[in-house]
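Examining the three-dimensional arrangement
Okay, here's what each chain looks like letter by letter:
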Amino acid sequence: MSEQSPVERIKRNSRHLRGTLVESLQDPLTGAIREDDTVLIKFHGSYQQDDRDIRDERRRQKLEPAYSFMLRTRLPGGVCTPAQWLQLDEIARRYANGTLRITTRQAFQFHGVIKTELKATMQAINAALMDTIAACGDVNRNVMASANPVETSVHPVVHDWAKKLSEHLLPQTNAYHEIWLDGEKVVSTEAEVEPLYGATYLPRKFKAAIVVPPVNDVDVFAHDLGFIAIIENGELQGFNLTVGGGMGATHNDAETHPRVADVAGFLKPEQLLAVAEAVLTTQRDFGNRAVRKRARLKYTIEDRGLEWFVAEITRRQGFALEPARPYKFETTGDRFGWTEGCDGRWHLTLRIEAGRVADTAKGPWLTGLREIARVHRGDFRLTPNQNLTIANVDANARAFIDALVVRYGLDRHARATPVALNALACVALPTCALAMAEAERYLPRLAQLVDERLAANGLAGAPLVLRITGCPNGCARPYLAEVALVGKAPGRYNLFYGGDGKGQRLNALHLENVDEPTLVAALDAAFRRYAGERLEGEGFGDFAWRAGLVGAQAA
Amino acid sequence: MDYELERKRRTGAASGFLASLQGEQARARVFVEQNERFRLPADTSRDVIMIGPGTGVAPFRGFVQHREAQGATGRNWLFFGARHFQSEFLYQAEWQDAVKRGVLSRCDLAFSRDRSIPREYVQDRLRRVGKDLYAWLENGAYLYVCGDAEQMAPDVNAALIDIVMKHGGTSRDDAGDCVRRLADDRRYLRDVY
Ligand SMILES: NC(=O)c1ccc[n+]([C@@H]2O[C@H](COP(=O)([O-])OP(=O)(O)OC[C@H]3O[C@@H](n4cnc5c(N)ncnc54)[C@H](OP(=O)(O)O)[C@@H]3O)[C@@H](O)[C@H]2O)c1
Ligand code: SF4
């Protein structure tokens with residue numbers, strides 16, 4: 001056992017995720033919690049962070065870092081009601097930094113909650129009929145689902161499955177209710193059952209998603225567990241199972257790398273929970289608990305083989321999968337603007353850069369969406385691209401919503417270039433402790449640079465999937481983008497080319513450790529060739545491989 | 001120090017004064033306000049209670065460092081107060097370290113303008129832990145107060161009388177005498193301004 005990672009010890013000794021969180025919260029000397037508790041609080045949907053911009057200044061003042069907490073909701077499929085929106089908006093203004101963030105996992109995230117207000121914030125979230133259980137940590141995270149499928153009638157069905165899946169894979173410990181909601185203490189923690197997870201939960205985080213082709217908005221191949229909905233004549237027939245996707249990697253470590261999930265077979269809708277459980281428990285029992293960076297399901301499958309894996313889940317679930325059915329993806333992007341549903345109701349997808357809903361120089365978006373939530377009678381859907389769909393609007397309410405959207409500057413989708421519209425960035429500096437470089441704060445400039453180089457080469461308005469993260473952990477799924485920047489050091493990035501724009505193919509390293517001038521020159525050269533040599537309808541990512549900008553011929 | 005905040009010019013009390021001095025006549029008289037009594041107990045086995053809200057905490061840095069250097073066996077207990085935990089917990093990192101290493105046995109905090117925790121002054125903290133405080137005093141502890149002379153010091157004094165009354169089971173008059181005796185015995189020492 002001694003070769004297990006330290007996190008395994010913390011989990012095992014935590015009495016099902018309690019640790020010393022109560023004591024940590026009560027310690028008045030610090031805005032932080034104890035070190036072991038920083039691991040455990042993730043399972044409760046929170047991370048401890050500090051403002052890295054002012055770290056040095058505070059150290060000089062002999063003050064500890066400005067600790068605060070990020071809180072993430074669990075919101076399967078990213079659907080919420082206007083009433084919930086209003087409650088979350090209030091939480092953002094009262095307890096957090098005035099920002100409601102839409103995450104790449106279709107959840108809400110609050111930043112800047114201080115320790116002494118953490119409990120009140122948790123309770124306010126629960127009062128909005130949401131929780132934060134298992135939003136982070138070595139468990140199944142928020143379950144994603146296509147936000148605005150072309151086949152609109154399938155959305156409620158798929159959303160329902162996302163909810164069921166999320167509930168089914170939820171930790172059962174009472175710790176969350178005890179610590180945050182003043183729930184009754186369960187006396188014997190030994191007797192407490194965590195039937196699915198056991199005392200040490202999973203070796204690592206576990207991500208699940210359900211997708212409805214042809215829009216691969218959830219990036220289904222980036223997840224540990226995925227379900228591709230197979231629709232025939234408007235009816236859900238079942239799902240293709242995907243397993244072993246994942247984005248995380250470590251710089252200069254060949255042992256780690258992103259991986260596109262395998263398609264393992266087809267299953268009936270009513271088999272979904274059994275299959276999910278089989279996949280999760282297989283990973284629980286066989287995942288690597290010694291080396292955390294090798295602990296995701298993708299490595300378990302890679303090390304033991306897909307055949308072994310399928311045999312193992314077949315044994316556990318008690319039935320075999322059918323052969324996978326055909327499916328086709330066309331894009332990972334959102335369908336912006338108004339789209340009509342099969343029931344004659346309308347859905348409006350707005351561009352929310354980096355998912356940050358706040359009142360900023362871009363416009364009073366937080367205020368605007370509050371005003372919309374006050375009158376909107378449908379629901380809201382957070383998209384996997386961190387955008388927002390105002391869903392289920394009656395035809396006669398469209399003009400009114402449109403007017404609000406324009407008044408509050410929420411009509412970016414009507415003005416932004418395709419590159420800016422579809423770009424993704426993670427939070428990175430100053431918030432994320434792992435960040436090595438800027439991401440979200442650099443994205444506007446980066447998108448502009450890319451667009452300028454495109455325009456300079458006669459490619460203005462070309463669609464291209466651009467993503468940037470502050471470190472190789474890959475929260476904004478960079479390794480599937482056509483052009484991606486992954487942070488190495490302040491102002492320096494690894495430059496990747498070659499995703500297919502459909503989320504089915506990994507990109508590859510084009511240049512290492514580039515600064516901005518090098519980046520601009522590289523993009524310029526690449527776009528010049530792309531403009532001259534591309535085939536009819538060929539995307540930049542496809543071109544990059546064919547032209548040898550990446551791959552065996554490169555370098 | 002010279003900056004603008006919320007449309008108001010702010011200057012440092014000392015640096016602003018020094019910077020305002022003009023030309024040849026720019027002279028400032030500097031002297032040390034002596035307070036020979038405000039010293040740690042010679043007997044290092046005695047417990048020490050330090051009450052220093054705001055800038056009043058300054059001497060206690062030295063006190064705690066000195067006690068550690070002495071290898072004092074008596075315990076050290078600090079009361080600190082300020083407006084905001086995040087921005088004004090002076091020498092926070094040092095106190096945390098002292099607590100971690102056991103040099104400070106206790107550290108009680110009172111923040112007066114944070115919305116998420118009860119608004120308190122140091123004397124409110126004193127009253128809350130009056131029982132323990134009284135036990136320390138009974139055990140021969142030395143008590144030091146540093147900081148604001150106008151409001152804080154009298155309020156702390158009143159709190160001490162309340163504590164002796166309540167936990168010593170005496171009348172108000174007797175408690176007052178008791179606290180005065182502590183001062184006469186040079187076990188209750190103040191450096192207030
Ligand atoms: N005579 C001098 O030469 C001189 C020089 C500098 C400073 N001073 C005085 O020294 C004092 C210390 O200043 P500082 O900046 O260190 O801190 P401070 O202004 O005294 O503030 C420290 C904390 O004490 C609180 N406080 C206010 N009234 C109190 C009372 N009656 N009893 C206990 N705590 C009380 C404050 O709360 P609230 O503010 O929220 O009420 C604050 O939380 C000030 O009164 C200042 O005017 C005097
Ligand atoms: S990708 Fe890295 S820097 Fe960005 S949010 Fe994730 S962990 Fe932080």
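Quick caveat, the model's predicted, so the values are computed rather than measured.

Contact with chain B, which involves 16 residues of that partner, is made by 15 residues of chain A. In this assembly, chain B packs against chain A so that about 1300 Å² is buried in total across both faces, 51% of it on carbon and sulfur atoms. Contact with chain A buries surface across chain B, with Gln 86, Arg 115 and Ser 116 of chain B losing the most and accounting together for 38% of the total. Taken together, chain B and chain A are joined by ten residue pairs in polar contact (both at pLDDT 80 or more). Elements represented by at least two residues in the side of chain B that touches chain A include exactly α3 (85-88), α4 (92-100) and β5 (106-111) of chain B. For the side of chain B that touches chain A, the element with the most residues is α4 of chain B, which contributes five residues. Each residue belonging to the side of chain B that touches chain A can be placed in one class, and the counts come to eight nonpolar, five polar and three charged.

Moving on to the pairing of strand β6 (residues 142-147) of chain B. All names here are of chain B. Burial of β6 is extensive: six of the six residues sit out of reach of the surface. Of the two faces of β6, the one carrying Tyr 142, Tyr 144 and Cys 146 and the one carrying Leu 143, Val 145 and Gly 147 are both buried. In terms of strand pairing, strand β3 (residues 48-51) meets β6 through four bridges, oriented parallel. The partner of Ile 51 across the bridge, within β6, is Val 145. Pairing geometry for β6 and strand β7 (residues 188-192), over five bridges, is parallel. Each residue of the ladder has a partner; that of Leu 143, found in β7, is Tyr 188.

All names here are of chain A. Read across the open sheet, the five strands follow the order β18-β19-β20-β21-β22; overall the sheet is mixed. The sheet terminates laterally at β18 (424-425) and β22 (508-514), the two strands that pair on one side only. Sitting on the sheet, helix α16 (residues 516-533) is in contact with β20 (483-489), β21 (492-497) and β22, with an inclination near 15° to β21.

So, about the side chain of Thr 332 of chain A. Tracing the chain through its elements places Thr 332 of chain A in the loop between α11 (306-317) and β11 (337-340). Setting aside residues no more than four positions away along its own chain, Thr 332 of chain A makes contact with Asn 216, Asp 217, Asp 219, Asn 385, Val 465, Arg 467, Gly 501, Lys 502 and Gly 503 of chain A.

With that settled, the discussion passes to helix α3 (residues 35-43) of chain A. Residue and element names in this part refer to chain A. Restricting attention to buried positions, one finds in α3 the residues Asp 37, Val 39, Leu 40, Ile 41 and Phe 43. Residues of α3 that are buried make contact with α1 (6-12), α2 (21-26), β1 (46-50), β2 (67-72), α6 (118-127) and α8 (175-181). Gly 45 sits one or two residues past α3 and shows a positive phi near 90°.

This part covers the state of the cysteines. All names here are of chain A. Applying the stated criterion across every chain yields a total of zero disulfides over all chains. Just so you know, Cys 80 is unpaired, no disulfide at all, and the nearest cysteine sulfur is the one on Cys 136, 18 Å from it. Residue classification places Cys 80 among the buried residues on the basis of a relative accessible area of 1%.

What follows concerns the packing of helix α2 (residues 58-70) of chain B against α4 of chain B. All names here are of chain B. Put simply, α2 and α4 touch, their axes get as near as 12 Å, and they point 30° apart. If you check the angle between α2 and α4, you find them roughly parallel. Both α2 and α4 take part in a crossing whose hand is left-handed. Touching Phe 60, Arg 61, Val 64 and Gln 65 of α2 are Glu 94, Trp 95 and Ala 98, all from α4.

Residues and elements named next belong to chain B. If you check the shell around ligand 1, you find 14 residues, and the closest are Thr 55, Arg 83, Ser 112, Arg 113 and Tyr 121. In the environment of ligand 1, an oxygen atom lies 2.6 Å from a nitrogen or oxygen atom belonging to the side chain of Ser 112. Contact distances for ligand 1 include 3.0 Å between a nitrogen atom and a side-chain N or O atom of Gln 123. Look at ligand 1: alone it shows 890 Å² of surface, and the protein chains cover 61% of it.

What follows deals with the domain arrangement of chain B. Looking at chain B, the domain boundaries give domain 1 (1-31) and domain 2 (41-192). The C-alpha-based centres of domain 1 of chain B and domain 2 of chain B are spaced at 33 Å.

Glancing now at the sheet that holds strand β10 (residues 262-267) of chain A. Residues and elements named next belong to chain A. As summarised here, the arrangement of the five strands in space is β6-β7-β8-β9-β10, forming an open sheet in which the pairing is mixed. Edge positions in the sheet fall to β6 (144-145) and β10, since each of these pairs with one other strand and no more. Relative to strand β8 (residues 225-232), strand β7 (residues 208-211) runs parallel, the two sharing four bridges. From the neighbouring strand, Ala 208 faces β8, where its bridge partner is Leu 225.

Conventions used here
- Residues numbered from 1 in each chain as written.
- Chains lettered and ligands numbered in written order.
- Predicted model: local features only at pLDDT ≥ 70, side-chain atom pairs only at ≥ 80, totals over all residues.
- Heavy atoms only, no water.
- Contact = heavy atoms within 4.5 Å.
- Buried area = accessible area lost by both parts, 1.4 Å probe.
- Polar contact = N/O pair within 3.5 Å; in protein donor to acceptor, adjacent residues only side chain to side chain.
- Helix = DSSP H or I, 4+ residues; strand = E, 2+ residues; numbered from the N terminus.
- Nonpolar A, V, L, I, M, F, W, Y, C, P; charged D, E, K, R; others polar.
- Buried < 20%, exposed > 50% of the residue type's maximum accessible area, 1.4 Å probe, protein only.
- Pairing = 2+ DSSP bridges.
- Axes fitted to C-alpha atoms, helices over the stretch in contact; angles between N-to-C directions.
- Disulfide = S-S within 2.5 Å.
- Parallel < 35°, antiparallel > 145°, perpendicular 65-115°, else oblique.
- Left-handed = near helix turned anticlockwise from the far one by under 90°.
- Near = heavy atom within 4 Å.
- Areas by Shrake-Rupley, 256 points an atom, 1.4 Å probe, with all protein chains shown as cover.
- Domains from an automatic or database assignment.

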